[in-house]
Amino acid sequence: MGVLRIRNRWVAMLAHTGLAVVLMTLCRLLYYFFNKSLFSFIAPRHLLTLLVGGLHYDVAMILYGCIIYYLMMVAGAFLPPHVERRRAWQVVRTVGFLLPMSLMLVMNICDTGYYPYVLCRASRNIFYEFGEEDMVGLAGGFMVQFWPLTLAFFVLMFLLVYGFLRFSYEPSEEQRSPLARRILGAVVAVGLIVVGMRGTLRSHERPLSEAIADRYIEDYREVALVLNTPYSLSRSSGARFVRYRFYDPTELRELFDPTYQAKPLAPGDTLYGSLRGYNVMIVLMESMGREYIGALNTDIPGYESYTPFLDSLIPHTLYAKYGYANGKRSVESFPTIYASLPTFGATFNDKEYQMQDYQQCHAFTSGLPLMLRDEGYDLKFYHGDEPGAMGFYDFLHRMGLERQYSAEDFRQEVPDADRYFMKSWGVFDDPFEQAMSRDMKRSLREPFGAFFFSLTNHHPFQIPRGYEKECKPGTLPIHRTAQYADEALRNFFDSIKDEPWYDHTIFVLTGDHTNQSDRPEYDCPAGRSMVPICFYIPDGSLRGEISDRVVQHMDIYPTLLYLLGIERPIYAYGHNIFDDSVDHYALNNFFDRYFLFTKELTVVMRRDGEVSVEAPRAPVQTGHPDPSLPSDSVREHYGRLLRAIAQDYSERLFSSGFVLTDSDADDPSARH
């Protein structure tokens, strides 16, 4: 087919915009079908409704992204014809359309493969999260593992270039239309562009906000299908957060106050301070979801486990049957575990929150490393990636930690070290954990605090040569790396079990977040938040199952202070897991919603503050085979509690900060 030369500029603009809309809609359909197992609840007829809703965001992003093209087309109506026929003008105009559209296609395609890991559209935090990594290597791994998406991208790029050139605009060499007609056409075009950029004609709606998506969705899990990735990447941190004002200060403090001070729970409490002076080691396992661990799924008949070592260890620990991560990314686990602070989508390495207006996000008067340091602990962070990767060490450094052992140290110590490195990330878990064991023995003095974050159990799910037979394939790529990470952990514990400090060390084992999933029991917000949380003391000081309440990452810090007998007041959004007098809940943030989980219910809060309540999901959230909603008073209580937590967090995020003041510390009524 030949080139269709369009003489009317307004028709050409309409044709090119239509082409862009079709391509963005194809991206949305690809997003749906590639992740269909996560959207299986959407009826075909309703999918059409979601596609219509997505047009608001697609048209807006096309107009914003290709603004140079549109301005040149409109301005050309008033320029001499020979100007538009110049090759330079045509090249700039063509690039002004094809380049932004190509970038938007890349964003949508890449995010299609990323969605199962975070359950939302990607935000600009992804650039800060992986800023220190080998992005070329990561991109190469993505193109290979997600080859259908790579193929789809090239098909869409062909359609983009072919369609733009097929419907080519060629200014007429003849006399132009009357000036009045050109002015009218320009006014109409500019008016439509402005309306399209706003995303809505409703005067009471904020331009291009998530409120538009809410008009089209029936389930919060559908939000990602209505939005597009260029839009989500364009949102600033300020746009991602709302400063809530549901309650006055007095009522807010009655509902929730984060001030915490460890103390005996009753007269004669022998557990308080019973582990004073014990070493502390946090073992944070990359992507180790509860779903992969047989010992935590014994109530599901015939459950396939991929963690034989953890299965043997967990019965000798104090473990949570219902354990929850407070985020979906590694960078969200560090503040929740080490500072008992939720993230609700923000991260400690969010560059926008390092601006002057948000310095309070980076000032801490407490934190597990700081508390242990002030008690005389020797501290060190262990991670098999390069120094400073993803900001983990910088975060802990702000809390008093001054030493780390990283891939750089591994290279200096281990001969021919490069053969132990993965293609994209860092050192494989097993050789690194053996090096960590040697370093702990020679460089840490008691009492010590060792903070380890593993690496291998992550995309691209690569295991070292020689482990192919030991690690069975499973039904997901992560099942092999989970087995490898489990075996590496077994070897680490074998290497330190004869050390004199082993028996009086508190090992806290948990996963940073969940990852790939194919178990129907875990296909719910609660299931996609669940990780192991285990307290292991080899001398047998703590054992048993916590099944009468949920436990979250944010509970680890206050619980350790209680066991260690450290009485300094702190801010904590979690609780001491042994305290029966407080509400035990777990928080998370995905689908652009705030979640609060208990064994009785799930509370969901939209960004506008509207709260809904759902029944718990068996068997991952409750042991009751047919759970139902609790009484209205219980539902109202937890709904108000989630709002209060969101308000307290937003106020500290935007103004007061997370620095504990003397007045807070001296107010005993505010302690939980």
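Let us look at the structure shown here. Fair warning: this is a prediction, and the values are worked out from it, not measured in the lab. (Residues numbered from 1 in each chain as written. Predicted model: local features only at pLDDT ≥ 70, side-chain atom pairs only at ≥ 80, totals over all residues. Heavy atoms only, no water.)

Focus: the layout of surface pockets
Of the volumes computed, that of the second largest pocket is approximately 460 Å³. Of all the secondary-structure elements, those providing two or more residues to the lining of the second largest pocket are helix 1 (9–34), helix 2 (44–65) and helix 9 (179–198). In terms of residue class, the lining of the second largest pocket is made up of 13 nonpolar, 6 polar and no charged. (1 Å grid on protein atoms, 1.4 Å probe; cavity = no way out; pocket = protein on both sides within 12 Å on 5 of 7 lines; lining within 4 Å. Points joined across faces, edges and corners; volume = space filled by probe spheres on them. Helix = DSSP H or I, 4+ residues; strand = E, 2+ residues; numbered from the N terminus. Nonpolar A, V, L, I, M, F, W, Y, C, P; charged D, E, K, R; others polar.)

As for a nonpolar patch on the surface
A grouping of V22, L26, W147, L151, V155, F158, L159 and Y162 is seen on the molecular surface, where their side chains present a nonpolar patch of about 770 Å² in accessible area. Taken together, the elements giving at least two residues each to the nonpolar patch come down to helix 1 and helix 8 (147–166). In terms of residue count, the dominant contributor to the nonpolar patch is helix 8 (6 residues). Inspection of the secondary structure assignment puts V155 in helix 8. For V155, a relative accessible area of 42% gives the class partly exposed. (Patch = residues over 30% accessible without salt bridge, like charges linked within 9 Å, V, L, I, M, F, W, Y side chains within 5 Å. Areas by Shrake-Rupley, 256 points an atom, 1.4 Å probe, with all protein chains shown as cover. Salt bridge = Lys/Arg side-chain N within 4 Å of Asp/Glu carboxyl O. Buried < 20%, exposed > 50% of the residue type's maximum accessible area, 1.4 Å probe, protein only.)

What about the environment of V3?
Positionally, V3 belongs in the segment before strand 1 (4–6). Note: C-alpha distance between V3 and Y169 (166 residues apart in sequence) is 9.9 Å.

Details of the packing of aromatic side chains
One pass over the full model with this rule turns up 52 aromatic pairs. For the ring pair Y69 and Y70, a centre distance of 5.0 Å and an interplane angle of 75 degrees mean the geometry is edge-to-face. Residue Y69 is classed as buried on the basis of its relative accessible area, which comes to 0%. Looking at Y70, the relative accessible area reads 2%, which means it is buried. On the basis of an interplanar angle of 35 degrees and a centroid distance of 6.4 Å, the ring pair of F410 and F432 is categorised as tilted. Of this pair, F410 sits in helix 19 (residues 407–413) while F432 sits in helix 20 (residues 429–443), and the two are 22 residues apart along the sequence. (Phe/Tyr/Trp six-rings, centres within 6.5 Å; stacked < 30°, edge-to-face > 60°.)

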